[in-house]
Structure formats: structure tokens, C-alpha cells
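What follows is each chain in one-letter form.
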Amino acid sequence: MRAVLQRVSQASCKVDGNITGHIGTGFLVLLGIEDTDTEDDLQWLAQKITGMRVFGDENGLMNKALADVDGNILLISQFTLFAQTKKGNRPSFIKAAKSDKAIPLYEQMLKTLDALTGKKTAAGIFGADMKVSLVNDGPVTIIIDTKNREF
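First things first, this report covers the structure right here in the doc. (Residues numbered from 1 in each chain as written. Predicted model: local features only at pLDDT ≥ 70, side-chain atom pairs only at ≥ 80, totals over all residues. Heavy atoms only, no water.)

### Section: unusual backbone geometry
Thinking step 1. The omega torsion of the bond from Gly138 to Pro139 falls at -5°, within 30 degrees of zero and hence cis.
Thinking step 2. Within the secondary structure, Pro139 is located in strand β8 (residues 130-145).
Thinking step 3. The backbone of Asp16 shows a phi angle near 50°, a positive value even though the residue is not glycine.
Thinking step 4. For Asp70, which is not a glycine, the phi torsion comes out positive at approximately 55°. (Helix = DSSP H or I, 4+ residues; strand = E, 2+ residues; numbered from the N terminus.)

### Considering the packing of aromatic side chains
Thinking step 1. Under the defined criterion, the tally for this structure stands at three aromatic pairs.
Thinking step 2. Seen in terms of ring centroids, Phe27 and Phe55 are 5.1 Å apart; in terms of plane orientation they differ by 40°. Their pairing is tilted. Residue Phe27 is found in strand β3 (residues 26-32), and its partner Phe55 is found in strand β4 (residues 55-56); the two are separated by 28 residues along the sequence.
Thinking step 3. We classify Phe55 as buried; its relative accessible area is 4%. (Phe/Tyr/Trp six-rings, centres within 6.5 Å; stacked < 30°, edge-to-face > 60°. Buried < 20%, exposed > 50% of the residue type's maximum accessible area, 1.4 Å probe, protein only.)

### Observations regarding the layout of surface pockets
One way to see where empty space is left: roll a probe the size of a water molecule over the atoms.
Thinking step 1. The calculated volume of the largest pocket comes to roughly 340 Å³.
Thinking step 2. Along the walls of the largest pocket sit 19 residues, with Ser77, Gln78, Phe79, Gly127 and Met130 positioned nearest its centre.
Thinking step 3. Listed by contribution, the elements that provide at least two residues to the lining of the largest pocket are β3, β6 (72-77), α2 (99-117) and β8.
Thinking step 4. The greatest single-element share of the lining of the largest pocket, amounting to three residues, is contributed by β3.
Thinking step 5. Across the lining of the largest pocket, the residue classes break down as twelve nonpolar, six polar and one charged. (1 Å grid on protein atoms, 1.4 Å probe; cavity = no way out; pocket = protein on both sides within 12 Å on 5 of 7 lines; lining within 4 Å. Points joined across faces, edges and corners; volume = space filled by probe spheres on them. Nonpolar A, V, L, I, M, F, W, Y, C, P; charged D, E, K, R; others polar.)

### Section: the environment of Ala83
Thinking step 1. Mapped onto the secondary structure, Ala83 falls in the loop between β6 and α2.
Thinking step 2. On the basis of relative accessibility, which here comes to 30%, the residue Ala83 falls in the partly exposed class.
Thinking step 3. Through-space distance from the C-alpha of Ala83 to that of Ala96 is 7.8 Å; in sequence the pair is 13 residues apart.
Thinking step 4. In this structure Ala83 touches Pro91, Ser92 and Phe93, once residues within four positions along its chain are discounted. (Contact = heavy atoms within 4.5 Å.)

### Observations regarding the environment of Val69
Thinking step 1. With respect to the helices and strands, the residue Val69 is situated in the loop between β5 (62-64) and β6.
Thinking step 2. Judged by relative accessible area, which is 26%, Val69 ranks as partly exposed.
Thinking step 3. Sequence-wise, Val69 and Phe55 are 14 residues apart; in three dimensions their C-alpha atoms are separated by 7.4 Å.
Thinking step 4. In contact with Val69, other than residues within four places in its own chain, are Thr25, Phe55 and Lys64.

### A look at empty space enclosed by the protein
Thinking step 1. Summed over all chains, the structure comprises one cavity of 30 Å³ or more.
Thinking step 2. Surrounding the largest cavity, Gly71, Asn72, Ile73, Thr117, Lys119, Lys120 and Thr121 form its lining.
Thinking step 3. Residue classes in the lining of the largest cavity are distributed as one nonpolar, four polar and two charged.

### Digging into the side chain of Thr146
Thinking step 1. Tracing the sequence through the fold places Thr146 in the segment after β8.
Thinking step 2. With relative accessibility at 4%, the residue Thr146 sits in the buried group.
Thinking step 3. Here Asp41 takes part through its side chain, which lies 3.3 Å from a polar atom of the side chain of Thr146.
Thinking step 4. Aside from chain neighbours lying at most four places away, what touches Thr146 is Met1, Asp37, Asp41, Trp44 and Leu45. (Polar contact = N/O pair within 3.5 Å; in protein donor to acceptor, adjacent residues only side chain to side chain.)

### Side note on helix α1 (residues 39-51)
Thinking step 1. Along its 13 residues, α1 runs 18 Å from first to last C-alpha, staying within 8% of the 18 Å computed at 1.5 Å per residue.
Thinking step 2. Listing the buried residues of α1 in full gives Asp41, Leu42, Trp44, Leu45, Ala46, Ile49 and Thr50.
Thinking step 3. N-capping of α1 is provided by Thr38, with a side-chain oxygen placed 3.3 Å from the backbone N of Asp40. (Expected span 1.5 Å × (residues − 1).)

Here it is in C-alpha cells:
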């Protein structure tokens, strides 16, 4: 799994003109699911997302986690995070998981984030043409890949 984590002061997602999810302070998470991803990848990534200390403390240092700032999460599925661009100018998405594997993992990620934060995770609609708006706070953008774990 690959996640692009953006610290935001607000973010929202619209599908067909209707808001499907919106948050104030927190994380906009763009989530890519690869065909080789497992439940272990999901659990590790969910812990990383909710534990990431990138919010400012009283000294202006990035020391606070999502819970410390009463933040929320907007989770957006994004298979294009697994674009392969080595050859030509048209990206290949062959490593991205197909819907039959990706949808259950995406739905499980929503449930896992709900459980870890004690809050309802806002979301887009898997596979939809989404219009995502955000105010990136900082900007702070972190890329996390479960295949590149640092221990």
C-alpha cells in the first residue's frame, strides 16, 4: 500500500456535485492499493497514519499526532499512486490492485482508521470520478509505502 498523507486545515470530496466527505484539521490520505498488499500492510499503514506526529506543538515543532489536535481523516482511493512511468508517456497501472481485491482492503482501512481514531473517517467513493479540494497546511506532505518499511 502506498499513502500520500497531507496535513490539511480543511479538505473535501465531491462526486457528481455531492459532498461525500469533508474534514477540518487533519489528514487527507490518498491511498493506493497494490495487488500484493495484505492485511498486515493495512494494519501497519493505519498505525503509521494515526501515529504520525506532524502537527505543531506550543513551540512550533512537529510533535503532535492526529489525536493530540482532535483531527480527522479524509480517505480517498487512488490507484494512480502505482503508475509505472519507465516506458513511454502513457503510465501503466498493472501493479494497482483490481477492484475485487482493492475494495475490501479500502473498506477495511476505513473501519481500521475508525477504530484507531474513535471517529468516523470521511471518504470518497471508490472508483468514482472525485473532485478533491484541500488546504494543505504547511505544506506538509508525507509519502508512506508499506514495501519500504524502516525498522
